[in-house]
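Results of the structural survey
Okay, here's what each chain looks like letter by letter:
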Amino acid sequence: MGFRNVALVGLGLIGSSIARAVREAMPEVGLSGYDMDAAVRERAAQLGLVDRVADNPGDAVGDADLVILCVPVGAMAEAGAALADHLPRGAIVSDVGSSKAAVAASLRAVLPEAVVIPAHPVAGTENSGPDAGFATLFQGRWCILTPADDARVEDVQRLSDFWTSLGAKVERMDAKHHDLVLAVTSHLPHLIAYTIVGTASDLERVTESEVIKYSAGGFRDFTRIAASNPTMWRDIFLTNKEAVLDMLQRFTEDLSFLQRAIRLDDGDTLFDLFTRTRAIRRGIVAQGQDVAEPDFGRQSG
Ligand SMILES: NC(=O)c1ccc[n+]([C@@H]2O[C@H](COP(=O)([O-])OP(=O)(O)OC[C@H]3O[C@@H](n4cnc5c(N)ncnc54)[C@H](O)[C@@H]3O)[C@@H](O)[C@H]2O)c1
Ligand SMILES: O=C(O)C(=O)C[C@]1(C(=O)O)C=C[C@@H](O)C=C1
């Protein structure tokens, strides 16, 4: 059975993308929304993102059968707690957080009576805010559900069908496994991008010369990632600390191995690795997982 009324708490990039996608894919579904930032609420109303922009979280969820928390992972507990006294019986509470085990634990702690089914659409851009969202964001992208072992199959299936209707490919996963996988495929790449852009900027300062001005393809790609939302990424690293530190340790060891190969003029080691990684990229493209690059012209928040 589909949902009749969906409430979105947090109307930034992901919340507004869900709103736009629901409007296109399920125009019969009622949409309400709330954001703690009054300017975002005003903009959401101007854009007509939802049928009703509420002034407080309780009002937003009063008649919802699905509530999706689209706030930074460090704000999930606070956003969830604000709903505790207002959730209709049986409503499913989900989220879109980029880390899962810590978020699931904090939501269950503040909403002990609620049906909580965490989710993570693995789709986004470096932009934030209600203007940055777009309806096709989830098309062909993974959405990973991390239900607890005792979650009701029918509830999980309903949420899965919802994401499928928005164009996503749905996968179920244990929350801890999710956090380990995403630590290497998403969190570490962001940490590396933040670091390399910071290193180049420091070099510019100490050499008192222009460095970033001459950035070409590779570095520019890093600057896009390094432009990502600081609040969101601070929270991800603090809530997925263990897995990120584990992956960082492995990465550092592999980097030292390459450092040694360069120092020893060991071209074969470099060539072999680069050949293997090229094949991985080509495999991803061949499987059609290489969705269109984000539109760099899109407005950022
Ligand atoms: N940006 C991405 O690429 C991406 C992709 C997948 C998942 N996510 C996850 O989605 C969530 C939202 O990210 P986003 O990119 O939409 O961020 P965003 O900054 O664009 O939007 C977040 C919104 O949440 C609001 N907010 C913060 N605390 C709140 C609270 N307690 N109650 C109500 N509103 C509150 C903010 O005012 C803001 O408008 C994060 O958990 C993030 O990890 C992001
Ligand atoms: O393409 C980007 O800009 C993203 O950073 C999107 C990205 C990712 O790492 O793939 C970032 C975090 C989300 O949790 C999911 C998607």
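Residues numbered from 1 in each chain as written. Chains lettered and ligands numbered in written order. Predicted model: local features only at pLDDT ≥ 70, side-chain atom pairs only at ≥ 80, totals over all residues. Heavy atoms only, no water.

The name an unreviewed UniProt entry gives the chain is Prephenate/arogenate dehydrogenase family protein, with Sphingosinicella rhizophila as the organism.

For the rest of this paragraph, the subject is the site of ligand 2. Close to ligand 2 lie S98, H120, A123, G124, T125, E126, S186, H190, R224, M232 and W233. Within the side chain of S186, a nitrogen or oxygen atom sits 2.6 Å from an oxygen atom of ligand 2. Calculation on ligand 2 without its partners gives an accessible area of 370 Å², and the protein chains cover 85% of this total. A per-class count over the shell around ligand 2 returns 3 nonpolar, 6 polar and 2 charged. Counting contributing residues, the shell around ligand 2 receives three or more from each of domain 1 (5–173) and domain 2 (177–265). (Near = heavy atom within 4 Å. Polar contact = N/O pair within 3.5 Å; in protein donor to acceptor, adjacent residues only side chain to side chain. Areas by Shrake-Rupley, 256 points an atom, 1.4 Å probe, with all protein chains shown as cover. Nonpolar A, V, L, I, M, F, W, Y, C, P; charged D, E, K, R; others polar. Domains from an automatic or database assignment.)

Taken together, 29 residues sit near ligand 1, with L13, D35, V71, S98 and G129 positioned nearest. Note that a nitrogen atom of ligand 1 is positioned 3.2 Å from one of the backbone N or O atoms of M36. Within the side chain of N229, a nitrogen or oxygen atom sits 3.0 Å from an oxygen atom of ligand 1. Protein burial of ligand 1: of its 830 Å² of free accessible surface, 90% is covered by the chains. For the shell around ligand 1, the secondary structure elements donating two or more residues are α1 (13–25), α4 (76–81) and β7 (119–121). A per-class count over the shell around ligand 1 returns 17 nonpolar, 10 polar and 2 charged. (Helix = DSSP H or I, 4+ residues; strand = E, 2+ residues; numbered from the N terminus.)

So, about the domain arrangement of the chain. Per the domain assignment, the segments of the chain are domain 1 (5–173) and domain 2 (177–265). Here the C-alpha centre of domain 2 lies 29 Å away from the C-alpha centre of domain 1. Between domain 1 and domain 2, the contact holds 17 residues from the first and 15 residues from the second. For domain 1, the biggest contributors to the area lost against domain 2 are S98, E126 and M173; these three give 41% of the whole. Summed over the shared surface of domain 1 and domain 2, the number is 1 salt bridge. Put simply, R224 and E126 hold a salt bridge, and the shortest N to O gap is 2.7 Å. Where domain 1 meets domain 2, there are 8 residue pairs in polar contact (both at pLDDT 80 or more). (Contact = heavy atoms within 4.5 Å. Buried area = accessible area lost by both parts, 1.4 Å probe. Salt bridge = Lys/Arg side-chain N within 4 Å of Asp/Glu carboxyl O.)

Take unusual backbone geometry next. Despite not being glycine, D265 has its phi angle at roughly 55°, a positive value. You can see D265 is positioned in the loop between α10 (241–263) and α11 (267–286). With relative accessibility at 70%, the residue D265 sits in the exposed group. (Buried < 20%, exposed > 50% of the residue type's maximum accessible area, 1.4 Å probe, protein only.)

Right, let's talk about the pairing of strand β8 (residues 142–145) for a bit. Relative to β8, β7 runs antiparallel, the two sharing 3 bridges. Looking across to β8, one finds that P121 is bridged to C143. (Pairing = 2+ DSSP bridges.)

Turning next to the pattern of salt bridges. Considering all chains together, one arrives at 10 salt bridges under this definition. When the shortest N-O distance is used, the salt bridge between D235 and R234 registers 3.0 Å. Under the relative-accessibility criterion, D235 is labelled buried at 7%. Across the pair D246 and R250 runs a salt bridge, and its minimum N-O distance is 3.4 Å. Placement of the pair is D246 and R250 together in helix α10, with a separation of 4 residues, close to one helical turn. Since its relative accessible area comes to 32%, D246 is described here as partly exposed. Overall, R250 belongs to the partly exposed group, its relative accessible area being 48%. The network of salt bridges with shared partners includes R152, E154 and D155.

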